[in-house]
Amino acid sequence: MSDEALEKFRAGLATIEGEYQPALEAATNENALREARAKFTGPQGALTELMKGMKDVPGKHRRELGQASNALKNAVQALFDARLEAIEKEALRAELEGPMLDLTLPGRRPMPGRLHPVTRAEYDLLDIFGSMGFETARGPEIDTFGRCFSQLGFPPDHPATDEHDTFYVSGGGEGDEAHVLRTHTSTMQIREMSRREPPLAVVSPGKVFRRDDDATHSPMFHQLEGFLVDEGITMAHLQGMLTVFLERFFGTAIDVRFRASYFPFVEPGAELDVRRAAQGDEPAGPWMEILGCGMIHPTVLRNVGYDPEKVSGFAFGMGVDRIAMVRHAIPNIKALYDNDVRFLSAF
Amino acid sequence: MRASIQWLRELTGLELNIDELAEKLTNIGLEVDVIERFEAVDKVVVGQVRSKEKHPDKDRLSIVTVFDGTEEIVVICGAPNVPEPGGHILFAQVGASLPLEEGGTMDIGERKIAGVVSRGMICSETELRIGTGSAGIFVFEDEPGLTEIPKPGTPLAEALPVGDVVFEIGLTPNRPDCLGHIGIARDIAAVMGHPFAPPAVKAPAKVAAGVTGVVPDGDMRVALEWEGESTATEVDASGLGPFAVEIDDAERCPRYGAAFVLGGQVGKSPFWLRYRLHVLGLRSRSNLVDATNLVMLETGHPLHGFDLETLRGRKIVVRTATEGEQMTTLDDEERTLGADDLLICDGEGPVAIAGVMGGEDSEIGDSTTHVAIECAYFDPRSIRRTSRRLGMHTDASHRFERGVDPNDVRYVLARTASLMAELGGGVALAEGLDAHPTPIERRKITLRVPRLDALLGFTVQRATAQACLERLGCDVKVDGDVLEVTAPSWRPDLAIEEDLIEEVVRVHGYEHVPALVPAIRPSRSGSPGPARFERQVKEQVAALGLYEAINHAFVAPGDLAKARAPEAVVKVVNPLSEERSVMRTSLLPGLATAAGHALRRQAPGAGLFEVGRTIHPRDGGELPEERDTLAIFLAGAAHGPDGNAWIGGERAYDFYDVKGFVEATVDALAGQLPAVVPTDDVPAWAHPRRVGAIELGGTKVGVVAELHPEVGEALGLEEHRGQYAELDLATLRETIEAAGVSRAPHLPKVPAVIRDMALLVDTEHTAGSVAEALADGGGELVESVTLFDRYEGKGVPEGKRSLAFRLVYRDPSATLTDKVVDKAHQKAANAAKARCGAELR
């Protein structure tokens with residue numbers, strides 16, 4: 001009985017010995033390989049089943065057969081490991097040398113939104129002025145007639161206000177105390193200078209309003225006001241600072257032109273134009289008006305309690321919408337405030 | 001202001017290169033906006049009519065034979081004034097190309113008109129663009145003052161003084177002197193370094209001898225000054241005088257002058273005058289009226305000519321109107337005047353609105369023979385108020401409200417009288433009247449030479465400054481480093497030292513100002529505060545996937561009503577339209593409207609935001625409150641990681657999308673999630689069951705809600721449900737600042753144990769309350785409770801939902817054993833059951 005078991009065990013080992021190698025080598029993927037191994041060393045595998053017959057084997061042979069079984073099990077495992085590595089290598093090779101991914105499927109993108117082109121232009125301007133030492137202040141959109149005009153030195157009943165066709169709103173008083181939608185951000189000169197002492201370097205962006213509504217005018221638009229007040233500030237500084245600004249904004253391949261102009265709250269007043277400089281055979285571009293500027297009028301300085309004999313300053317103002325329009329080739333200012341999503345998503 | 005280069009050349013005596021001049025003028029503040037060229041058309045020659053006959057069929061047409069200097073040519077002409085044979089006309093030959101006013105050209109070729117071959121065209125001034133409003137063709141024989149008719153065949157350019165360049169100058173309102181050619185010429189000469197003087201007034205051919213009785217003796221009587229010889233002529237002036245000027249309101253009318261031309265004849269102006277007016281954009285009226293207009297364009301000083309015989313009582317009274325007083329102006333409009341309006345009256349009533357427009361009854365007409373010329377100075381503010389109130393903007397009011405030269409009155413009168421006498425063949429009176437109750441003194445201004453350097457940042461020599469000012473007409477007295485300057489009366493804009501500094505640098509050239517970069521000293525009172533925060537908000541929300549909108553700050557009251565926005569509004573007193581007549585109290589209408597448009601234009605969804613002010617009135621004349629507000633609006637198909645960003649899977653935006661945008665925004669800015677909590681203060685625009693207050697650290701910073709379906713429909717969203725949140729940026733910023741910056745977290749070294757739990761809960765219990773029960777029940781070991789699944793529907797009883805939570809357990813001091821966690825997990829489940837009736841699934 002026991003010899004029979006011994007023989008059977010030995011025969012079983014021999015069978016497995018002969019079968020495992022071709023079986024494992026026939027497997028070409030990981031799953032098949034694992035299945036092949038399971039046929040021999042898995043819970044229901046041939047070797048596992050065989051081992052269950054060990055109890056019937058005569059005791060003196062058990063050690064020998066046990067060692068042989070273990071050796072065979074290890075051999076199966078070793079071959080399995082080798083085969084698995086080979087299969088993985090092959091799979092990697094196949095992936096690396098195989099067909100290309102469909103690159104045209106869309107990415108799983110988080111879909112970022114957009115800032116409005118006016119905001120983008122405004123932030124670019126603020127970044128440049130910020131880097132030059134100007135701080136940003138914002139002020140109210142509704143202000144008094146006094147701060148919008150009188151304190152800035154606009155003469156009463158004067159055509160200088162023709163370009164400032166003004167919206168009045170309810171709730172204000174008479175004369176200087178009337179409430180208006182500010183026609184320019186220059187109100188911020190009065191507001192900031194009245195509550196603070198020099199040195200002051202401020203830029204102030206914001207909405208402004210004028211009673212103009214046609215192809216080229218929107219009754220609401222955006223301006224950026226800037227001013228610098230300190231001892232010894234001159235018109236040369238005005239030109240220097242604004243030239244640095246323009247070179248940072250447009251690049252250095254530009255021509256800059258300062259020319260005389262008139263704004264009631266500056267004296268001398270100037271307008272600044274910029275154009276693409278001539279390069280090689282290409283002639284210079286056309287002049288483009290960028291901003292109005294000048295030395296802050298002594299009346300304004302006195303109105304905020306400064307002594308024009310002691311401090312001086314320059315101020316400038318520009319249309320942010322215009323800059324956004326030039327930059328993005330936006331043909332019509334109205335497009336800025338229609339809020340068409342197709343437009344807003346384009347920048 | 002239109003400026004004729006030809007005229008400027010005559011006044012300055014300078015050869016002016018067009019492009020250089022345009023650049024120079026622009027640089028000195030007289031910005032040249034448009035350059036318009038007037039040229040004689042080629043192949044237009046003087047022609048002589050050799051024969052003319054009526055067309056056999058067409059009554060209005062003539063068949064004319066014209067001799068063009070070489071041959072006789074038959075043409076058809078429709079004009080009523082073809083001269084008799086021998087007369088001279090302007091003839092466009094075949095091949096001529098006539099410019100059309102609306103652009104393009106009319107090319108003259110051989111044409112068959114009414115059965116007759118016509119080879120050329122007899123032209124009018126309008127057709128050649130050498131005049132306007134001509135009734136028929138140009139006929140040399142009808143031209144006044146033409147001594148010799150050019151030979152047939154003479155080209156147009158040689159036959160008539162045609163050709164000019166006109167600059168359209170965008171004049172700033174501080175330069176009334178440049179509303180006349182003399183002023184512009186003075187600036188040109190100054191900047192080119194040439195001396196300048198206005199032209200001397202040529203004496204008229206005929207001057208009335210002795211006292212005529214028109215100009216009475218007295219202080220007002222002045223002799224007009226002119227150069228050259230005149231013939232003393234007798235005129236019958238009986239019944240024309242004595243002429244009186246009374247000024248009742250010397251503040252509004254500091255000066256009033258008058259001159260007289262008698263016995264003239266109203267007629268057509270000579271071609272040179274008509275042409276000059278034409279290129280400058282004025283229509284020729286008659287010789288006498290054209291004279292006043294020409295002198296206005298020359299000196300910048302408006303004039304008015306009265307038919308002397310229509311002035312009742314032979315006097316001028318300058319007074320303010322009585323309230324409601326009426327008169328008919330020469331544009332045939334009945335005007336109602338007020339007590340602030342200045343009138344020019346005769347002995348019985350108003351004959352002109354001072355400085356604005358003359359009256360119908362007293363204007364120069366065809367039968368006028370005796371003219372009184374008015375040249376006055378009116379208070380600019382008064383003229384401006386009147387012209388604004390009446391909505392009458394005229395060439396005269398435009399100049400008076402900017403301030404004409406009060407002291408050129410006699411020069412202007414002499415010039416006009418001389419010109420009128422020349423054109424109309426009348427006799428100028430050698431004396432006029434000059435009522436000058438309030439002399440306007442020339443301003444004296446001190447210029448300290450060192451102030452030039454101090455303000456300009458470079459050195460200007462005293463002599464340079466002096467020369468610049470003198471060329472502009474200033475009288476300058478030098479006293480060491482101080483220039484005592486007397487400003488010319490034609491420059492009302494020169495009042496203070498800085499004005500003179502600008503003049504110096506303007507004439508010297510802005511290009512001489514160097515570009516220096518100053519060091520900016522930081523201000524101690526500065527703060528990046530609100531501006532920086534607003535930018536962080538905008539950039540954050542945009543980065544999350546929304547598009548920034550900018551809406552108008554004013555809206556239609558109806559839009560606010562539709563949006564159920566706060567009703568207390570700041571109204572625009574003078575709106576352009578009802579559409580924009582109140583300041584917005586909410587950003588909702590603008591965003592909802594934009595989203596509605598987008599959805600109707602086939603956008604799958606719209607995710608918009610705006611950072612703007614809502615405006616709320618305050619009492620007592622205080623400026624209104626302007627609240628910086630962040631508003632987020634979503635409608636239509638959602639996009640984003642779990643929306644339709646990738647192929648497949650589309651769903652509509654719902655409450656949790658807008659809540660998510662709010663959470664992500666606040667989290668990014670504050671470093672902590674806001675709470676969305678039930679609120680008693682449900683806005684009228686909100687869905688009453690889908691609304692919550694946004695709180696940060698217990699402070700309400702905003703509200704988030706689905707739009708009330710009725711509001712959505714009213715705002716044009718159709719079937720779409722709008723999702724809206726608004727946050728008060730000041731409160732948000734202050735809350736974040738008060739909380740201070742986040743502190744570094746303590747990172748545990750012991751591992752956590754993670755357990756999930758699925759519960760069946762009545763829908764009346766919120767997920768938040770179940771999570772809270774779990775956290776409380778689990779005790780101190782619970783580090784976090786997170787909802788990760790929610791399910792209602794098949795397999796779950798009606799009225800219940802399945803909520804799956806992930807609980808993270810950790811004991812910072814020891815590694816947890818399963819036994820301890822099992823116990824805590826059970827306690828958590830017990831608490832959820834006790835408080836919310838939650839059953840384990």
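Residues numbered from 1 in each chain as written. Chains lettered and ligands numbered in written order. Predicted model: local features only at pLDDT ≥ 70, side-chain atom pairs only at ≥ 80, totals over all residues. Heavy atoms only, no water.

### Digging into the overall build of chain B
Our working definition: Helical segments are the DSSP runs of H or I of at least four residues, strand segments are the runs of E of at least two, and each set is numbered from the N terminus. In this description the radius of gyration comes from C-alpha coordinates, and the expected globular size is given by 2.2 Å times residues to the power 0.38. Buried residues are those whose accessible area, probed at 1.4 Å on protein chains only, stays under 20% of the maximum for their type, while exposed residues exceed 50% and partly exposed ones sit between those limits. By definition, residues are in contact when any of their heavy atoms lie within 4.5 Å. Only the protein chains shown count as cover for residues, and all accessible areas are computed by the Shrake-Rupley method using a 1.4 Å probe. Positive charges come from Lys and Arg alone, negative charges from Asp and Glu alone, with His and the N- and C-terminal ends not counted. Every charge is mapped to an atom, namely NZ of Lys, CZ of Arg, CG of Asp or CD of Glu.
Along its length, chain B carries 21 helices and 43 strands. A compact globule built from 841 residues should have a C-alpha radius of gyration of about 28 Å, whereas chain B, at 42 Å, is more than 25% larger. Taken over the C-alpha atoms alone, chain B extends approximately 135 × 85 × 55 Å along its principal axes. Residues classed as buried in chain B amount to 53% of the 841 residues present. Long-range contacts, defined here as pairs at least 24 residues apart, represent 70% of the contacts in chain B between residues at least 6 apart. Entry remark: accessible area of chain B is about 37,600 Å², with carbon and sulfur atoms responsible for 47%. Across chain B, the centroid of the 88 positively charged side chains sits 7 Å from that of the 129 negatively charged ones.

### Structural notes on the pattern of salt bridges
Selection criterion: What makes a salt bridge here is a side-chain nitrogen of Lys or Arg within 4 Å of a carboxyl oxygen of Asp or Glu, nothing more.
Within this structure, the stated rule accounts for 92 salt bridges over all chains. Glu30(A) is the salt-bridge partner of Arg34(A), the closest N and O atoms lying 2.8 Å from each other. Of this pair, Arg34(A) and Glu30(A) both sit in helix H2 (residues 30-41), four residues apart, which is roughly one turn of the helix. Classification of Glu30(A) as partly exposed rests on a relative accessible area of 32%. Between Asp307(A) and Lys310(A) there is a salt bridge, with the nearest N and O atoms lying 3.9 Å from each other. Salt bridges here are not isolated pairs; linked through shared partners, they connect Asp157(A), Asp249(B), Arg252(B), Asp340(B), Asp341(B), Arg381(B), Arg385(B) and Arg389(B).

### So, the layout of surface pockets
If a probe the size of a water molecule is rolled over the atoms, the empty space left behind becomes visible. All names here are of chain B. Stated precisely, the cut-off is as follows: Residues are said to line a cavity or pocket when one of their atoms sits within 4 Å of a point; the points come from a 1 Å grid over protein atoms alone, cavities being sets where a 1.4 Å probe fits but cannot get out and pockets being open sets with protein on both sides within 12 Å along at least five of seven lines. Grid points are joined across faces, edges and corners, and a volume is the space filled by probe spheres set on the points. The split into domains, and so the bounds of each, comes from an automatic or database assignment of domains.
Of the volumes computed, that of the second largest pocket is approximately 1,300 Å³. Looking at the lining of the second largest pocket, the elements with two or more residues in it are helix H17 (655-670), strand S36 (675-677), strand S37 (686-696), helix H20 (767-778), strand S41 (782-791) and strand S42 (800-809). Summarising the domain contributions, the lining of the second largest pocket has at least three residues from each of domain 5 (529-739) and domain 6 (753-840).

### Digging into the domain arrangement of chain A
Here chain A is described as being made up of domain 1 (2-97) and domain 2 (117-344). Computed from C-alpha coordinates alone, the two centres of domain 1 of chain A and domain 2 of chain A are separated by 87 Å.

### With respect to the sheet that holds strand S6 (residues 220-230) of chain A
All names here are of chain A. Heads up, the rule is: Two strands qualify as a pair provided DSSP detects at least 2 bridges between them.
An order of S1-S5-S6-S10-S9-S8-S7 is seen for the seven strands of this open sheet, with the pairing classed as mixed. Each end of this open sheet is capped by a strand with a single partner; those strands are strand S1 (135-136) and strand S7 (254-261). Note that strand S8 (residues 266-276) and strand S9 (residues 288-296) share seven bridges and pair antiparallel. Looking at the pairing, Val274 lines up with Met288 of S9.

### Some thoughts on the environment of Arg810(B)
Residues and elements named next belong to chain B. This is how the line gets drawn: Nitrogen and oxygen atoms within 3.5 Å of one another constitute a polar contact, given that in protein one can donate a hydrogen and the other can accept it, and given that sequence-neighbouring residues count only through two side-chain atoms.
Locating Arg810 in the fold gives a position in the loop between S42 and helix H21 (818-836). On the basis of relative accessibility, which here comes to 17%, the residue Arg810 falls in the buried class. As for Arg810 and Ala752, which are separated by 58 residues in sequence, their C-alpha atoms are 4.7 Å apart. Ignoring anything within four residues of it in the chain, the contact list for Arg810 reads Pro748, Val750, Pro751, Ala752, Glu780, Leu781, Glu783 and Leu816. In this structure the side chain of Arg810 is engaged in a polar contact, spanning 2.6 Å, whose partner is the side chain of Glu783.

### Section: the interface of chain A and chain B
Stated precisely, the cut-off is as follows: Throughout, buried area stands for the accessible area (probe radius 1.4 Å) lost by two parts on being put together, summed over both. Residues are grouped as follows: Ala, Val, Leu, Ile, Met, Phe, Trp, Tyr, Cys and Pro are nonpolar; Asp, Glu, Lys and Arg are charged; all remaining types, including Gly, are polar.
Facing the 94 residues of chain A at the interface are 90 residues of chain B. Across the chain A to chain B interface the summed buried area is about 7,900 Å²; carbon plus sulfur atoms make up 58%. For Arg580(B), the salt bridge goes to Asp213(A), with nearest N and O atoms at 3.4 Å. Joining chain A to chain B, the criterion identifies 37 residue pairs in polar contact (both at pLDDT 80 or more). Looking at the side of chain A that touches chain B, the element that brings in the most residues is helix H8 (residues 235-250) of chain A, giving seven residues. Tallied by class, residues from the side of chain A that touches chain B come to 43 nonpolar, 26 polar and 25 charged.

### Some thoughts on the packing of helix H2 (residues 18-27) of chain B against helix H5 (residues 181-192) of chain B
All names here are of chain B. Cut-off, in case you're wondering: The angle between two axes is taken between their N-to-C directions and runs from 0 to 180 degrees, where each axis is a line fitted to C-alpha atoms and a helix contributes only its stretch in contact. Here is the rule for angles: anything less than 35 degrees is roughly parallel, anything more than 145 is roughly antiparallel, 65 through 115 is roughly perpendicular, and the remaining ranges are oblique.
The interhelical angle for the contact between H2 and H5, taken along N-to-C directions, is 95°, at an axis separation of 11 Å. Between H2 and H5, the interaxial angle falls into the category roughly perpendicular. Within the contact between the two elements, H2 uses Leu21, Lys24 and Leu25 and H5 uses Ile184, Ile188, Val191 and Met192. Residue composition of the contact of H2 with H5, grouped by class: six nonpolar, no polar and one charged.

### A look at H5(B)
Residues and elements named next belong to chain B. How we decide: The span one expects for a helix is its residue count, reduced by one, times 1.5 Å.
An ideal rise of 1.5 Å per residue puts 16 Å on 12 residues; H5 measures up with 16 Å between its terminal C-alpha atoms. Judged by how many residues are buried, H5 sits mostly within the fold: 10 of 12 residues are covered. Of the positions making up H5, those classed as buried are His181, Ile182, Gly183, Ile184, Ala185, Arg186, Asp187, Ile188, Ala189 and Ala190. Looking one or two residues past H5, Gly193 carries a phi angle of roughly 75°, positive in sign.

### A short note on empty space enclosed by the protein
Counting across every chain of the model gives four cavities of 30 Å³ or more. Reported here for the largest cavity is a volume of approximately 210 Å³. Contributing to the lining of the largest cavity are 19 residues, with Arg138(A), Glu141(A), Lys207(A), Glu534(B) and Val611(B) lying nearest its centre. Those elements that place two or more of their residues in the lining of the largest cavity are helix H5 (117-132) and strand S5 (200-209) of chain A together with helix H14 (529-544) and strand S34 (605-616) of chain B. For the lining of the largest cavity, the per-class residue count stands at four nonpolar, five polar and 10 charged. Taken as a whole, the second largest cavity spans an internal volume of roughly 80 Å³. Contributing elements (two or more residues each) for the lining of the second largest cavity: S7 of chain A together with helix H13 (497-508) of chain B. For the lining of the second largest cavity, the leading source of residues is H13(B), giving three residues. For the lining of the second largest cavity, a count of residues per class yields four nonpolar, four polar and six charged.

### Thoughts on the domain arrangement of chain B
Looking at the assigned domains, one finds that chain B contains domain 1 (2-38 + 164-192), domain 2 (44-159), domain 3 (206-435), domain 4 (446-488 + 496-512), domain 5 (529-739) and domain 6 (753-840). Taking only C-alpha atoms, the centre of domain 4 of chain B and the centre of domain 5 of chain B are 57 Å apart.

### Observations concerning the nonpolar core
Basically, it comes down to this: Buried residues of nine kinds, namely Ala, Val, Leu, Ile, Met, Phe, Trp, Tyr and Cys, make up a nonpolar core once their side-chain atoms join them within 4.5 Å.
Formed by 143 residues in total, the largest nonpolar core has its most connected members in Phe134(A) and Phe316(A). The residues touching Phe316(A), leaving out its near neighbours within four places in the chain, are Phe129(A), Phe134(A), Val203(A), Leu224(A), Glu225(A), Gly226(A), Phe227(A), Leu242(A), Leu291(A), Gly292(A) and Cys293(A).

### Overview of H2(A)
Because an α-helix completes one turn every 3.6 residues, residues spaced three or four positions apart along the sequence face the same direction. Residue and element names in this part refer to chain A. Note the threshold: Read the arc as the range of directions from the helix axis to the C-beta atoms.
Look at H2: 16 Å from first C-alpha to last across 12 residues, which is about the 16 Å you get at 1.5 Å a residue. Looking only at H2, the buried set comprises Leu33, Ala36, Arg37 and Phe40. Relative to the axis of H2, the buried residues are bounded by an arc of 95° and lie together on one face. Within H2, the exposed residues directed more than 90 degrees away from the buried face are Asn31, Glu35 and Lys39. Sitting at the amino-terminal end of H2 is Asn29, which places a side-chain oxygen 3.1 Å from the backbone nitrogen of Asn31.

### Quick look at a nonpolar patch on the surface
Residue and element names in this part refer to chain A. Our working definition: Patch members must show over 30% relative accessible area and no salt bridge, and they are joined within 9 Å when carrying like charges or within 5 Å when they are nonpolar side chains of Val, Leu, Ile, Met, Phe, Trp or Tyr.
Together, Met100, Leu101 and Leu103 make up a nonpolar patch on the protein surface, roughly 420 Å² of accessible area in all. Its location among the elements puts Leu101 in the loop between helix H4 (59-97) and H5. According to the relative accessible area criterion, Leu101 is exposed, its value standing at 69%.

### Quick look at the packing of helix H7 (residues 287-299) of chain B against helix H10 (residues 409-424) of chain B
Residues and elements named next belong to chain B. The following threshold applies: Note on convention: near helix rotated counterclockwise from far helix by under a right angle means a left-handed crossing. Clockwise means right-handed.
Following both chains from N to C, one finds H7 and H10 inclined at 145°, their axes separated by 9 Å at the closest point. Here H7 and H10 pass one another in a crossing that is right-handed. Taken together, the residues of H10 that come into contact with H7 (itself represented by Asn287, Leu288, Ala291, Thr292, Leu294, Val295, Glu298 and Thr299) are Tyr411, Val412, Arg415, Thr416, Leu419, Met420, Leu423 and Gly424. Tallied by class, residues from the contact of H7 with H10 come to nine nonpolar, five polar and two charged.

### Let's talk about unusual backbone geometry
Looking along the chain, the bond that leaves Pro198(A) and enters Pro199(A) is cis, with omega of 0°. Along the chain, Pro199(A) falls in the loop between helix H7 (187-195) and S5. Between Glu267(A) and the following residue, Pro268(A), the backbone shows a cis peptide bond with an omega angle of -5°. Backbone geometry at Asn339(A) places phi at a positive 55°, although glycine is not the residue there. In this fold, Asn339(A) is placed in the loop between helix H11 (335-338) and helix H12 (341-344). A relative accessible area of 1% means that Asn339(A) is categorised as buried. One non-glycine residue, Arg314(B), lies in positive phi territory at about 50°. Tracing the chain through its elements places Arg314(B) in the loop between strand S18 (304-307) and strand S19 (315-320). A relative accessible area of 19% means that Arg314(B) is categorised as buried.

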